[in-house]
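Fold and contact review
Residue-level listing of the chains:
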Amino acid sequence: ASVATVPSRNPSFAMISCDDISYFKKILGEKGVVQEELKLDDANTDWMRKYKGSSKLMLQPRSTHEVSEILNYCNSRCLAVVPQGGNTGLVGGSVPVHDEVIISVSSMNNIISFDKVSGILVCEAGCILENLITFLDNEGYIMPLDLGAKGSCQIGGNVSTNAGGLRLIRYGSLHGSVLGLEVVLANGTVLDMLGTLRKDNTGYDLKHLFIGSEGSLGIVTKVSILTPPKLSSVNLAFLACEDYVSCQKLLSEAKRKLGEILSAFEFLDVSAMDLVLKHLDGIRDPLPSSKHNFYIVIETTGSMESHDKEKLEAFLLSSMESGLLTDGVIAQDINQASSFWRIREGIPEALMKAGAVYKYDLSLPPEKMYDVVDEMRERLGTAANVVAYGHLGDGNLHLNISAREYDDSILSQIEPFVYEWTSKQRGSISAEHGLGLMKANKIHYSKSAETVQLMGAMKKLLDPNGILNPYKVLPTSISQSGVN
Ligand code: FAD
Ligand code: 2HG
Ligand code: ZN
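Calculation notes
Residues numbered from 1 in each chain as written. Chains lettered and ligands numbered in written order. Predicted model: local features only at pLDDT ≥ 70, side-chain atom pairs only at ≥ 80, totals over all residues. Heavy atoms only, no water. Near = heavy atom within 4 Å. Polar contact = N/O pair within 3.5 Å; in protein donor to acceptor, adjacent residues only side chain to side chain. Areas by Shrake-Rupley, 256 points an atom, 1.4 Å probe, with all protein chains shown as cover. Nonpolar A, V, L, I, M, F, W, Y, C, P; charged D, E, K, R; others polar. Donors = N, O, S within 2.8 Å, 3.2 Å for Na, K, Ca; no water. Buried < 20%, exposed > 50% of the residue type's maximum accessible area, 1.4 Å probe, protein only. Domains from an automatic or database assignment. Helix = DSSP H or I, 4+ residues; strand = E, 2+ residues; numbered from the N terminus. Expected span 1.5 Å × (residues − 1). Pairing = 2+ DSSP bridges. Core = buried A, V, L, I, M, F, W, Y, C linked by side-chain atoms within 4.5 Å.

Overview of the site of ligand 2
Neighbouring ligand 2 are the residues L90, R344, P348, K359, Y389, H391, H398, N400, E432 and H433. Residue Y389 places a side-chain N or O atom 2.6 Å away from an oxygen atom belonging to ligand 2. Residue H398 places a side-chain N or O atom 3.0 Å away from an oxygen atom belonging to ligand 2. Protein chains shield 88% of the accessible area of ligand 2, which is 290 Å² for the free molecule. Of the residues that constitute the shell around ligand 2, the class distribution is three nonpolar, four polar and three charged.

So, the coordination of the zinc ion (ligand 3)
Distances from the zinc ion (ligand 3) to its protein donors, H391 (NE2), H398 (NE2) and E432 (OE), fall within 1.8 to 2.1 Å. Donor residues binding the zinc ion (ligand 3) come from one chain and are separated in sequence as H-x6-H-x33-E. Assigned by exposure class, H391 and H398 land together as buried.

Some remarks on the domain arrangement of the protein chain
Assigned domains of the protein chain: these are domain 1 (18-104), domain 2 (111-226), domain 3 (233-347), domain 4 (355-442) and domain 5 (443-479). Spacing between the C-alpha centres of domain 3 and domain 5 amounts to 41 Å.

Overview of helix α3 (residues 64-77)
Spanning 14 residues, α3 covers 20 Å between terminal C-alpha atoms, matching the ideal 20 Å at 1.5 Å per step. Considered for burial, the residues of α3 that qualify are T64, E66, V67, S68, I70, L71, Y73, C74 and N75.

Side note on the pairing of strand β4 (residues 101-104)
Moving residue by residue along a regular strand, the side chains alternate between the two faces of the sheet. With burial as the criterion, each face of β4 is covered, one bearing V101 and I103 and the other bearing I102 and S104. Note that strand β2 (residues 58-59) and β4 share two bridges and pair parallel. Looking at β4, one finds that M58 is bridged to I102.

Structural notes on the sheet that holds β2
The four strands lie next to each other as β1-β2-β4-β3, forming an open sheet whose pairing is mixed. The sheet terminates laterally at β1 (33-34) and β3 (81-84), the two strands that pair on one side only.

Notes on the nonpolar core
Core analysis: the biggest nonpolar cluster contains 147 residues, and I298 and I401 have the highest contact counts within it. In terms of residue count, strand β10 (residues 233-241) provides more of this core than any other element does, six residues in total. In terms of nonpolar packing, the next biggest core, distinct from the first, is built from six residues, V34, A43, M58 and I102 among them.

What about the site of ligand 1?
Lining the immediate environment of ligand 1, one finds 33 residues, of which P83, G85, G86, T88 and G89 sit closest. At 2.6 Å, a side-chain N or O of T88 approaches an oxygen atom of ligand 1. If you list the elements that add at least two residues to the shell around ligand 1, you get β3, α5 (155-161) and β9 (219-226). Among the elements that line the shell around ligand 1, the one with the most residues is α5, at five residues. Considering only residue class, the shell around ligand 1 consists of ten nonpolar, 21 polar and two charged.

In structure tokens form, the structure reads like this:
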């Protein structure tokens, strides 16, 4: 069965010639022009090993000026390109579809400045998220986003996908914390929007166009981001609920009773838990006395140890008494806390080990969120394992359907049902992963025709030849109509 459907190559794009290679070598030097098969194989294949391109060339610029020069050249030659960060994207957006030139800003990984008073960090787009987290830790700050892919994903990729992650409930989306960007447009123009101001209402705030545009409008080269101070008291609880209604009620209660210290509210169902216990090494069930239908991970972050702990304990006690919680444990030390996080963050990896996986990343009203999971289980019966987890606190469900291998008959039970269902609830078919290749032609389930038309017009304005990440984000009917 087909793993992913691929649109045919757009013949308007040029093929790479020897002259092109010589030009790139002149600009980037031998090291910046990658043609080794092994390296290209990695860069052509996505994290899920589901999407695979056939690019023969990866470019690794070291400066904004180099990015500008190579994009200007690609645009004049009509060579299609795919911007790539850590290649951890989950919608086939970060790898070529055909022979697009891969542009990786991994070598642009310098921290430019950090203001210890304001907490504003300015860095190059190729900085790996975990390295930024470590850097800030020494300065007494944290990144406003955290996600399971932190060891590989880059801040430029995070911005380009508008990544959400585990702490969005507390620190908001990147549309709030990113203060400025430097971006190179398709024709090589450098847009300096690298402000470091909290407030700046001078005209249209164009940086927002690039946050979440998945490399389709420009290449992000520098990022300015507001980081929160690191607070001294962090607590983590691993809890169990018997039904989904209790999970929802627990969320409303947590927002009221934990208020300002709540920093994560995640959920996983028993199928997700089973999968992690089965496929990941060294994982122990934190609540081994019995099986539960749902698990919740609650994190609090505050500045006063005794107050925060007391607050969390009182909340858990009252939730036990009212029957919302059936079991629970608070991590006693940092090792136990990271073992709890490992369970939640390890689900995508466990799913990969289980075989083929169909991923859906939905924004839905929390009260409806689990209905689609139940309906999906009914539709699929024993043909596949339906696994649900996600950022419940943000109304974001990660619905994953795991099967031994890819099978068109399973897919036809899932799609378009899942998209139609979400659309009917006025939900979003991409809460945080983006549209990429997987959902470019599905955008209409979440956006009106007029909105998509305007997106198409903006794409045409900024990238008239359509060289930036073709076949992704926008429907092919729109993104290819302007290519000459
Ligand atoms: P890539 O995967 O390389 O690229 C992603 C997209 O951005 C592509 O379209 C690419 O063309 C574009 N892009 C990359 N860099 C640039 C740039 N400099 N300029 C312009 N465009 C660029 N996502 C969440 O939102 N929340 C999560 O909790 C979360 N958890 C994850 C956990 C795991 C284990 C994995 C594998 C993924 C997870 N993701 C999550 C997916 C998420 O989108 C990515 O992890 C991350 O934000 C992408 O960064 P990256 O550097 O790997 O980008
Ligand atoms: C997460 O929250 C990621 O763990 C991945 O966004 C979600 O694998 C998924 O579906
Ligand atoms: Zn997620």
